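# Descriptive analysis of the structure
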Amino acid sequence: MTWSATARGAHQPDNTAFTQQRLPAWQPLLSASIALPLFFCAGLAFIGLGLGLYYSSNGIKELEYDYTGDLGTSNCSVCAAAGQGRSPPPRCSCAWYFSLPELFQGPVYLYYELTNFYQNYRRYGVSRDDEQLSGLPSALRHPANECAPYQLSAAGLPIAPCGAIANSLFNDSFSLWHQRRAGGPYVEVPLDRTGIAWWTDYHVKFRNPPLVNGSLALAFQGTAPPPNWHRPVYDLSTDPNNTGFINQDFVVWMRTAALPTFRKLYARIRQGNYSTGLPRGAYRVNITYNYPVRAFGGHKLIIFSSISWMGGKNPFLGIAYLVVGSLCILMGFVMLVVYIRYQDQNDEDEDEE
Amino acid sequence: METKMALNYQGKSQKRSAVEKSINAFLIVYLFILLTKAAVCTTLKYVWQSTPYNDEPWYNQKTQKERESLKVLKMFTDFLSFMVLFNFIIPVSMYVTVEMQKFLGSFFISWDKDFYDEEINEGALVNTSDLNEELGQVDYVFTDKTGTLTENSMEFIECCIDGHKYKGVTQETDGLSQTDGPLPYFDKADKVTFSVYGFTFVGIRNGYMRVENQRKEIEEYELLHTLNFDSVRRRMSVIVKTQSGDILLFCKGADSAVFPRVQNHEIELTKAHVERNAMDGYRTLCVAFKEIAPDDYERINRQLIEAKLALQDREEKLEKVFDDVETNMNLIGATAVEDKLQDQAAETIEALHAAGLKVWVLTGDKMETAKSTCYACRLFQTSTELLELTTKTIEESERKEDRLHELLTEYRKKLLREFPKSTRSLKKAWTEHQEYGLIIDGSTLSLILNSSQDSSSNNYKSIFVQICMKCTAVLCCRMAPLQKAQIVRMVKNLKGSPITLSIGDGANDVSMILESHVGIGIKGKEGRQAARNSDYSVPKFKHLKKLLLAHGHLYYVRIAHLVQYFFYKNLCFILPQFLYQFFCGFSQQPLYDAAYLTMYNICFTSLPILAYSLLEQHINIDTLTADPRLYMKISGNAMLQLGPFLYWTFLAAFEGTVFFFGTYFLFQTSSLEENAKVYGNWTFGTIVFTVLVFTVTLKLALDTRFWTWINHFVIWGSLAFYVFFSFFWGGIIWPFLKQQRMYFVFAQMLSSVSTWLAIFLLIFISLFPEILLIVLKNVRRRSARRNLSCKKASDSLSTRPSVRPLLLRTFSDESNIL
């Protein structure tokens, strides 16, 4: 018994709260008396919030138009038919006429929507080179392997910007014309094509490569544009702050959508007479119809939408809050009944004893 | 290697707890879910891809290599990719956490100061940390008697010399000095020094026994011979030579062994004393002496040496000599010693009974002794009807087996009449029905278990098992160590494979300790073999109560919750990822960023559950020890049965669905921000992930009944860490990353009011059923508790009068049966 030789009490366990599992502890019990008021309060709060959300969602106006033209109803069907089975499709223009009986409360935003387009397909999603897009010259010349088959052009030149996402950049364009008086001339409504991308994307994540001799075109010398593009990347816009990799259309497109039906911001309408919204009158949207969607069974839509504090029109949140709030109150009542019944039972039991 | 230790040793095998077996069963279910998911996705992928524009739309062309690869190969790699994508559903990190929980958790046993014993200056010892939770699952307790239920320390109560009773100090010295010279007791075999008042046996030196008398003088006796103890004679003797040259023989032994060998006229008074002492529950020991003339001694000496040196039949020869020598003695008197029951042994057994455990006493002792101990420690109540299956009831006859058969069938009939229902309701039935106790001894047991391998013996066995299962208490006496293990094995293999626990203190208990699911060693006086071979060792039997009722219960609840929680949190982690495949063309697109995927189990959700599984006390320790019935609530692995498992799985499925579709519907809009900008797929995943982390952590918070500062720290800390990490991870362009997917995603996400509202709502919806359930449970628990306290109050009035914790036993040879 060698261990008994040690000093008496040496083996005695520490008498601390932790070792004896007697740490002071808060032992909450979600009893009915706490939970019931909570249920009712939460229910009421949710219903209030839900009503607010619902009404502000209802207050948001949306105007959408499917210009795919595959049903032959719209005048874009000519373009759709022309582009059928031809790659690249020929340039084609069509228009959408609509009239607003009253002011379309603004600020108004112009979106386009694609359906059945899998931007979230894994092979598609990884097909990009963020280093190249951040303006790294070495990456410009040597696009990442993930970009294949859009890594090198047929001539063997590196593609900039490489990858499937960039290659499939949405290239329809819209212009909005307003006819104030019937029979009067159409006036072009200015569309603000800037400020549509995330601030951090536009300012940090996407950078043009360093200029060569003050020219962006020279910086991209020795690279090829993606095969589907008609223009090289440095020609996307005449505005030097909106061309190359920092073209906002391009930046918006490069943020891949979560679902196969998605909307992307095209322009903001916030200038001149249109800052408060679109006044009543007849409108025409001139559409340059380039983008082939019928090949994959998709649709393209053009959407005018106003925006509130909660974003675009979305009745889901409001309805969900209303449902959960009502459920809370309903359950509160059920609980109350159960609680009272148990209380009674206990009282009876106590009486018996 | 023919030592008793070696012969009784059994191979040590790996012990695995019932919880671990449940984990494996769950794993198989989840593996099946994983395979199903992967198979479903692969199948649907190829169905979906059968439309050519889905397979390879113009905007998303394959490389030449991809086009050329074999379809079968592609399907296989797709299947594997899905497996990789969903593999988080198998909670690998759970194994690490479980091990940590067990290892760290076991410290609480060794740290418990209630297990600390002043006498031996030691606390509990944990030899394995694998079985903590098994302590909460025990169905059968097998306990040794001597040293486990009793102290194994003989305390002198009284003696009678020449028919006069002496008690207390002064009388004692007087009494002894009156008789024929100084007569110290010694029990050389046990090396226990009997200190009889005034006379102290100092020790043996150079063959002289030294005794200090009441005048503090040392008297020396030359030890000539020791006539060793054996269980047939049931006595032992020494032959000594006094300083004056007289040769004396002192003999001690059981009354039945000594009385026939002394002159008849001396017996009567002493006999009466011995009988009264036995009734009072003391171990009695008779002492006799005789003077041996020098001539006689010469002869005896020669005979003894001859017998001792005999090469053949030495034992028989020695026995014969002993038999010759130990005759015509003069009775000195008898002593009564008490082997006291251990402190609170009876209370512990009562608590174990109340907890629904079946307690079996396995002892090497003879039946009468063991029986009285069992009464004393309330294993048998006075109302318990005893069924005896012993050599006495069966008798030494030719028709042994027939008689045994008769008895067995008779008992079974009796019991079946009493408990017509199945064994499940037995626990409740105990309180209402007549209680039965079974007594069986070793030889009968071997008759039942080992006799010829014909059909009738199997039949015996099944009848015997039936009887055993219906008895509240079973006493097995005259057991050889391996028989103890045999019994444990028999019970272990019963239907429903009950969890067995063995507790013992001696080397003879080792095989039983090793055989049972949980082995507990008592750090007793019989050496350390039991404690060393055990899974846990405690100083005293009474510690078993807290060990099982409090520690075992808590460990079980903790680990069961931990296991369920792990499966739960991984299922609701992966389910949205699975659902997402339906919206991304089954392309194995991960919903969450890689950092989130890896850190979810390691950093964001690991510590709260670890802290929970170490600190949770859903019921107070004091309440657990005070109310043994609570132990029944978790018996039969109750928290890891199919019901709770399905509950957790459905909860996880519900929450995963809410996470995904909540976010899905949230995204059915042009924008979530007031500046009209649009979110992408990584924001979608991050919203789901944020809701997920908060929900699973808050779910644990809802389950936590015992909030120490550590719980607060890890729960709120984990959530804070998640938010901090997300900002950090998205705040920097990481040079080593190929894709800057998460850049400012989290911050941008939080700039939207809708997202905040949605996150809050989804967390609330996910937890809503749980909150409802908890409130409902609490309403019921409160009323139940009130009823309970009323019942307790009425119970305490009618508790049974405590039986005197004494042993009705006579001198026995048990310490020599190893």
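Residues numbered from 1 in each chain as written. Chains lettered and ligands numbered in written order. Predicted model: local features only at pLDDT ≥ 70, side-chain atom pairs only at ≥ 80, totals over all residues. Heavy atoms only, no water.

## Digging into the environment of H164(B)
Residues and elements named next belong to chain B. With respect to the helices and strands, H164 occurs in strand 4 (residues 164–166). Taking relative accessible area as the criterion, H164 reaches 47% and is therefore assigned partly exposed. For the pair H164 and G333, spaced 169 residues apart in the sequence, the C-alpha separation amounts to 8.5 Å. With near-sequence residues (within four places) excluded, H164 lies in contact with C159 and H273. (Helix = DSSP H or I, 4+ residues; strand = E, 2+ residues; numbered from the N terminus. Buried < 20%, exposed > 50% of the residue type's maximum accessible area, 1.4 Å probe, protein only. Contact = heavy atoms within 4.5 Å.)

## Considerations on the domain arrangement of chain B
Residue and element names in this part refer to chain B. For chain B, the assigned domains read domain 1 (18–106 + 550–791), domain 2 (125–147 + 353–536) and domain 3 (150–338). The interface is formed by 21 residues belonging to domain 1 together with 16 residues belonging to domain 2. Between domain 1 and domain 2, the buried area comes to about 1,600 Å², and carbon and sulfur atoms account for 54% of it. Of all residues in domain 1, K102, Y631 and M632 bury the most surface against domain 2, accounting for 34% of the area lost on that side. Summed over the shared surface of domain 1 and domain 2, the result is one salt bridge. With a shortest N-O distance of 3.2 Å, K102 and E133 are connected by a salt bridge. At the boundary of domain 1 and domain 2, one finds 11 residue pairs in polar contact (both at pLDDT 80 or more). Of all the secondary-structure elements, those providing two or more residues to the side of domain 1 that touches domain 2 are helix 2 (18–48), helix 6 (92–111) and helix 22 (543–580). (Domains from an automatic or database assignment. Buried area = accessible area lost by both parts, 1.4 Å probe. Salt bridge = Lys/Arg side-chain N within 4 Å of Asp/Glu carboxyl O. Polar contact = N/O pair within 3.5 Å; in protein donor to acceptor, adjacent residues only side chain to side chain.)

## Considerations on the UniProt feature "binding site: Mg(2+)" (unreviewed entry) in chain B
All names here are of chain B. When the UniProt feature table is mapped onto this chain, "binding site: Mg(2+)" (unreviewed entry) is found at D144, T146, D505 and D509. Separation in sequence by 366 residues is not matched in space for these annotated residues, since their most distant C-alpha atoms are only 10.8 Å apart. Note on D144: relative accessible area 4%, which makes it buried. Contact partners of D144, with chain neighbours within four places excluded, come to L149, L362, T363, K484, I503, G504, D505, D509 and M512. At 3.4 Å, the side chain of D144 forms a polar contact with the side chain of T148. Inspection of the secondary structure puts T146 in the loop between strand 2 (140–143) and strand 3 (150–161). A residue is classified by how much of its surface remains accessible, and T146, at 3% relative accessible area, is buried. (UniProt positions renumbered as here; feature names shortened; annotations may be inferred.)

## A few points about the sheet that holds strand 18 (residues 518–522) of chain B
Within a beta sheet, neighbouring strands are joined by backbone hydrogen bonds and run either parallel or antiparallel to one another. Residue and element names in this part refer to chain B. An order of 1-19-18-17-2-13-16-15-14 is seen for the nine strands of this open sheet, with the pairing classed as mixed. Two strands lie at the open edges of the sheet, namely strand 1 (125–126) and strand 14 (385–389), each paired on one side alone. Here strand 14 runs beside strand 15 (residues 436–441); their pairing, made up of five bridges, is parallel. Pairing of E385 across the sheet is with Y436, part of strand 15. Relative to the sheet, helix 19 (residues 481–492) contacts strand 2, strand 13 (358–362), strand 16 (473–477) and strand 17 (500–504), its axis offset from that of strand 13 by approximately 160°. (Pairing = 2+ DSSP bridges. Axes fitted to C-alpha atoms, helices over the stretch in contact; angles between N-to-C directions.)

## Focus on a negative patch on the surface
Residue and element names in this part refer to chain B. Together, D313, E315, E316 and E319 line one region of the surface with negative charge. Among the secondary structure elements, E319 is positioned in helix 11 (residues 314–325). Note on E319: relative accessible area 36%, which makes it partly exposed. (Patch = residues over 30% accessible without salt bridge, like charges linked within 9 Å, V, L, I, M, F, W, Y side chains within 5 Å. Areas by Shrake-Rupley, 256 points an atom, 1.4 Å probe, with all protein chains shown as cover. Lys, Arg positive; Asp, Glu negative; His and termini not counted. Charge placed at Lys NZ, Arg CZ, Asp CG, Glu CD.)

## Remarks on the packing of helix 24 (residues 606–615) of chain B against helix 27 (residues 681–703) of chain B
All names here are of chain B. In contact at an axis separation of 10 Å, helix 24 and helix 27 are set at 15° when each is read in the N-to-C sense. Relative to helix 27, the element helix 24 is oriented roughly parallel. Note that helix 24 runs across helix 27; the crossing there is left-handed. In this structure, helix 24 uses P608, I609 and Y612 to contact helix 27, whose residues at the interface are T697, L700 and D703. When the residues that make up the contact of helix 24 with helix 27 are grouped by side-chain class, the tally is four nonpolar, one polar and one charged. (Parallel < 35°, antiparallel > 145°, perpendicular 65-115°, else oblique. Left-handed = near helix turned anticlockwise from the far one by under 90°. Nonpolar A, V, L, I, M, F, W, Y, C, P; charged D, E, K, R; others polar.)

## Focus on the UniProt feature "transmembrane region" (unreviewed entry) in chain B
Residue and element names in this part refer to chain B. If you check UniProt for "transmembrane region" (unreviewed entry), the listed places come out as residues 25–48, 79–98, 565–583, 595–615, 645–667, 679–701, 713–736 and 756–776 in our numbering. Taken end to end, residues 645–667 comprises 96% helix and 0% strand; its first and last C-alpha atoms sit 33 Å apart. In the segment residues 713–736, helix accounts for 79% and strand for 0%; the C-alpha atoms at its two ends are 33 Å apart.

## Brief notes about the pattern of salt bridges
Residue and element names in this part refer to chain A. In total, this model carries 35 salt bridges over all chains according to the counting rule given. The closest approach of N and O atoms between R263 and E62, which form a salt bridge, is 3.1 Å. With a gap of 201 residues between them, R263 in strand 7 (residues 262–269) and E62 in strand 1 (residues 62–66) connect regions that are remote in the sequence. Judged by relative accessible area, which is 27%, E62 ranks as partly exposed.

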